[in-house]
Amino acid sequence: MVNTEKFIQKSIAEIKAAAGDDKVVMALSGGVDSSVCAALAARAIGDNLFPIYIDTGLMRKGETERIRTLFGNIHLQIVDAGDEFLVSLKGIDDPEAKRMAIGERFIRVFEREAKKVGAKCLLQGTIYPDRIESEGGIKSHHNVGGMPLHMEFTKVIEPIRDLYKDEVREVAGALGLPKEIQHRMPFPGPGLAVRIIGEITKEKVDIIREANWIVEDELVEKYRPWQCFAALIGLGTGVKGDNRIHGWIVAIRAVNSRDGMTADPLDIPFEHLVRIGSRITADIPRVARVVYDITAKPPATIEYE
Ligand code: XMP
């Protein structure tokens, strides 16, 4: 980062110039990227900014309530689109197709909401690594390559498109955003969908949401990893009580990283891992097996799809 203050002034001026007198909608997820964008845009265009939180049904446990509390002081539109997303994802098991379906649904919901307020511009919290990975053909981040070609927005503004995550956090600090936002773990735009291998169903989402919550509860405070979560990676055999069951396999992923481009698995004491595994299988009866992912990035990615 060259100069945080300079960046802030420059991007406020750029947003002002790009938006003119138009109304601008943006997705505010409550993560550091979108929160920084919202703070910059609010300074640039004030009441012409219309932040929208879309509850995709693929968010973490308690997320919508958290957003309500954190942003209770600004006019934030909360849209419950969980059912719509499930319908859009039905029958799709290819990772790229899933991302595209999610990206498309996102934009459609936005367009609908934007129409209601008469907004022509879309503001997005795309950061530099999102662009690199999408342009490099690694995968389509939902807010980049997953964007439908035919959008009704006349303009897309991406104020932090050249920043790495650690730089975004610096800007968040300089803007005075709450520490909880500044240091929050990254959470992918497609949400829990990229933590479920294969087709998305409500049952799988409910299971992985609960498992994610347990993993975060066990690891975030204690180790402060770059990222930690649970993923649903398949079905296997297990025993519960006297019965052999067909149960879900949950992978725990916890990594340290500087910018998300490379990552190393977190060194968690074995007894703690075993405790987390027991807690997950006890609290979520449909889970039969828990594994710890010990792969670095590369060759693995951080997320599962
Ligand atoms: P991967 O899985 O590519 O993740 O090693 C690198 C970082 O990017 C996040 N990620 C995403 N963020 N849309 C996002 O907004 C996406 O489609 C997406 N996929 C991965 C991931 O959580 C990690 O921090």
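S.K.: I would appreciate a short explanation of the pairing of strand β2 (residues 49–55) in the present structure.
M.R.: Each regular strand shows side chains that alternate between the opposite faces of the sheet. With 7 of 7 residues buried, β2 is to be regarded as a mostly interior element. Every second residue of β2 is oriented toward a common face, with Leu-49, Pro-51, Tyr-53 and Asp-55 on one face and Phe-50, Ile-52 and Ile-54 on the other, all of them buried. Both strand β1 (residues 24–27) and β2 contribute to a ladder of 4 bridges, which runs parallel. Within the sheet, the bridge partner assigned to Val-25 lies in β2 and is Phe-50. Between the parallel pair β1 and β2, the chain is carried across by helix α2 (residues 32–45), and the sense of this crossover is right-handed. Alignment of β2 against strand β3 (residues 77–80), held across 4 bridges, turns out to be parallel. Residue Ile-54 lies in a different strand from β3, and its bridge partner there is Val-79.

S.K.: What is the right way to look at the sheet that holds β2 in this model?
M.R.: Pairing between the strands of a sheet is mediated by backbone hydrogen bonds and can be parallel or antiparallel. Taken in spatial order, the 5 strands make up an open sheet running β3-β2-β1-β4-β5, and their pairing is parallel. Edge positions in the sheet fall to β3 and β5 (155–157), since each of these pairs with one other strand and no more. Looking at each pair of strands side by side, their axes are set apart by 30° on average, direction ignored. Across the sheet, helix α1 (residues 4–19) touches β1, β4 (121–123) and β5, and the angle it forms with β5 is around 170°. Packing against the sheet, helix α3 (residues 63–70) makes contact with β2 and β3, and its axis sits at approximately 155° to β2.

S.K.: Explanation requested: helix α10 (residues 270–283) in the structure shown.
M.R.: Each α-helix turn comprises 3.6 residues. Residues three or four places apart therefore point the same way. If you check α10, its first and last C-alpha atoms are 20 Å apart, about what 14 residues at 1.5 Å a residue would give, namely 20 Å. Listed in full, the buried residues belonging to α10 are His-272, Leu-273, Ile-276, Gly-277 and Ile-280. Taken around the axis of α10, the buried residues stretch over an arc of 140°, which confines them to a single face. Turned more than 90 degrees away from the buried face of α10, the exposed residues are Glu-271 and Ala-282. Contacts made by the buried residues of α10 are with α9 (202–223), β7 (243–256) and β9 (287–292).

S.K.: Even after reading the chapter, I still don't get unusual backbone geometry, so can you show me in this structure?
M.R.: Across the junction of Lys-297 and Pro-298, the peptide omega takes the value -15°, indicating a cis bond. Residue position: Pro-298 is located in the segment after β9. In this structure, the amide linkage connecting Pro-298 to the following residue, Pro-299, adopts the cis form with an omega of 10°. Note that Pro-299 resides in the segment after β9. Look at Arg-224: it is not a glycine, yet its phi comes out positive at around 50°. Along the chain, Arg-224 falls in the loop between α9 and β6 (227–240).

Quick notes on the rules
Residues numbered from 1 in each chain as written. Predicted model: local features only at pLDDT ≥ 70, side-chain atom pairs only at ≥ 80, totals over all residues. Heavy atoms only, no water. Buried < 20%, exposed > 50% of the residue type's maximum accessible area, 1.4 Å probe, protein only. Helix = DSSP H or I, 4+ residues; strand = E, 2+ residues; numbered from the N terminus. Pairing = 2+ DSSP bridges. Right-handed = clockwise from strand over helix to strand, strands pointing away. Axes fitted to C-alpha atoms, helices over the stretch in contact; angles between N-to-C directions. Contact = heavy atoms within 4.5 Å. Expected span 1.5 Å × (residues − 1). Arc of directions from axis to C-beta.

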